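Reading the structure
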Amino acid sequence: MVPSSQECLIEYMKSREGYHLFIYPLEGRVLHEIMGALCAWRISQLTSITFSIAMNDYGFELLSDQEIPIEEALEAGLFSPDGLHEDIMHSINQTEMANSRFREVATVSGLIFQGYPGKAIKSKHLQASTSLLFKVFQQYEPDSLLLQQAYNEVLNYEIEGDRLRKALERLDTKHIVLTRPNRFTPFCFPIMVDRLRERLTSEKLVDRIAKMKVQLEKHIPD
Amino acid sequence: MAFKAALHKGAQQLRWKDHSFLLLPEKALYWPKEEALLVADLHLGKSGHFQSHGIPVPGDVLFKDLTNLGSLVSHLQPKQLFILGDLFHSQYNDEWATCESFFQDLISLPSEPLKITLILGNHDILHRRHYLNAGFRIEKELTLGGIQLIHDPEKDVETSTCIHGHIHPGVRLIGKGRQKLSLPCFWVGKERLVLPAFGQFTGLYMVQPEEEDHMYAIADRQVIQVL
């Protein structure tokens, strides 16, 4: 179905991959990224669950291997602006958003030397991946200015100040239409195939491992 | 002593080549029969190395690595410690002084002095006297209980059974709902047992196991068999 301007469409369906929850606030990709993380964080507080998050200009997807308690989440105020700032800080911490911002910060600040144009890097021994540097900083120098910069950039560029709050207020006044289509819809398909995904979890690592298997180049039948 | 080791939290027993081992969640291997602790790829001083080239990396990594090693030794009380290469990251920097006094203490504190053997790796390019000052015995490789201990076997003859380091093995796990995880692991092959990198400031190399290989991932201070 196509939602009217007073409605917000939510599609929930099951596939071979797991359980998909598509929400279409129609606020643009940038805002959907943080909204996706926010919703994932809020739902993950209701139950222990792991999400893979994708988005485009129309909406975002939360994908999980287990049932997503969407009705319960809506009742608990999934889009409520209450406690927004805190929840956002948590969702930034739990996803890789700050990590990917840190890549730019690390390059500009000289933590990563990318070599001069047209010349190969000579200082190979000084290379470390930004994600490794991010991990080390987070653990041993959490108040580092470079880390703060990465967090601030997430907040300023991706949340764009008040836009998120306004978008959520708008969403809160809309009529939520929850559908359960039995196959993928034209709306959800482009989001579903997006490979660039965020992750957020509230499950214990050990419990997650128990459900996973080693990725092999050659597929070995079970 | 073996009893104490068996109680080590999160560890995993391994029977390999007619020997019993303990895979420790601290990314180290304990060999009860030889009362030996084996670690590889500590890359101590890496933060100092970066710092001396003008890259501001937190220096506390070093202390965490040394504390981990110290508490492991005081808990298991091994007679021997084998470092399978890449102890110190590249050229001399200030952090070596800290390492040197740490290892001197580590050797002399137990009632019976701990024997530390450094098996040289590609990053171990300090002058010999630094290692000797710290109290190490230096070897290129050695054999213990019929098993060769070496840093990187690729450069040598491939035939023998060995325990080695160098590659910082990691395993990639996938699951339903597009879940992915990369974790450090012990890689147990037919003729080779590869240790994960002990140091905190180290990356991972995702390895492709062959048939009949086993992988033990390290997560949340636990060693878990995943293959």
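Calculation notes
- Residue numbers run consecutively from 1 along every chain, following the written order of its sequence.
- The naming scheme follows written order: chains are lettered A onward, ligands numbered 1 onward.
- In keeping with the predicted nature of the model, local features appear solely for residues at pLDDT of at least 70, side-chain atom pairs appear and are counted solely at 80 or more, and the whole-chain, interface and lining totals rest on all residues.
- Only hydrogens and water are set aside; all other atoms, that is, all heavy atoms of the structure, feed into the side-chain values.
- Nine residue types can take part in a nonpolar core, namely buried Ala, Val, Leu, Ile, Met, Phe, Trp, Tyr and Cys, and a core is a set of them joined through side-chain atoms within 4.5 Å.
- Relative accessibility decides the category of a residue: with a 1.4 Å probe and only protein chains considered, values under 20% of the type maximum give buried, values over 50% give exposed, and everything between is partly exposed.
- In this text, helices come from DSSP runs of H or I with a minimum length of four residues, and strands from runs of E with a minimum of two, each type numbered from the N-terminal end.
- pLDDT is a residue-level measure of predictor confidence that goes from 0 to 100.
- Between the first and last residue of a helix there are one fewer steps than residues, each counted as 1.5 Å, and that sum is the expected span.
- Contact definition: two residues touch when any of their heavy atoms are within 4.5 Å.
- By convention, the term buried area covers the 1.4 Å-probe accessible surface removed from two parts as they join, with the contributions of both added.
- By salt bridge we mean one thing: a side-chain nitrogen of Lys or Arg within 4 Å of a carboxyl oxygen of Asp or Glu.
- Charged residues are taken to be Asp, Glu, Lys and Arg, nonpolar residues to be Ala, Val, Leu, Ile, Met, Phe, Trp, Tyr, Cys and Pro, and polar residues to be all remaining types, Gly included.

The nonpolar side chains of soluble globular proteins are, as a tendency, buried together. With 57 residues, the main nonpolar core has A:Leu21, A:Leu62, A:Phe102 and B:Phe201 as its most contacted residues. The leading source of residues in this core is helix H1 (residues 29–46) of chain A, at nine residues. Counting 33 residues, the second-largest nonpolar core is a separate cluster that includes B:Leu37, B:Leu76, B:Phe103 and B:Ile138.

Now for the confidence of the model for chain B. Here chain B averages 87 in pLDDT, while 95% of its residues score no lower than 70. On the interface metric, ipTM, the complex scores 0.75, and its pTM is 0.83.

Moving on to helix H3 (residues 60–76) of chain B. An ideal rise of 1.5 Å per residue puts 24 Å on 17 residues; H3(B) measures up with 25 Å between its terminal C-alpha atoms. Taken as a whole, H3(B) has its buried residues at B:Val61, B:Leu62, B:Asp65, B:Leu66, B:Asn68, B:Leu69, B:Gly70, B:Leu72, B:Val73 and B:Leu76.

Here we come to unusual backbone geometry. Residues and elements named next belong to chain B. Of note, Lys27 is a non-glycine position whose phi angle comes to about 65°, a positive value. Take Lys27: it is sitting in the loop between strand S2 (19–24) and strand S3 (28–31). In the Ramachandran plot, His168 falls in the positive-phi region, its phi being about 50° despite a non-glycine side chain. Along the polypeptide, His168 turns up in the loop between strand S10 (162–164) and strand S11 (169–175).

With that out of the way, let us pick up the interface of chain A and chain B. Chain A puts 38 residues into the contact, and the matching count from chain B is 36 residues. Both sides together, the interface formed by chain A and chain B hides about 3,500 Å², and carbon and sulfur atoms give 64% of it. At the junction of chain A with chain B, the criterion picks out one salt bridge. The salt bridge involving B:Arg178 is made with A:Glu17; its shortest N-O contact spans 2.8 Å. Of all the secondary structure elements, the ones that give two or more residues to the side of chain A that touches chain B are strand S3 (50–55), strand S4 (60–64), helix H5 (130–140), helix H9 (205–210) and strand S7 (213–214) of chain A. In terms of residue class, the side of chain A that touches chain B is made up of 17 nonpolar, nine polar and twelve charged.

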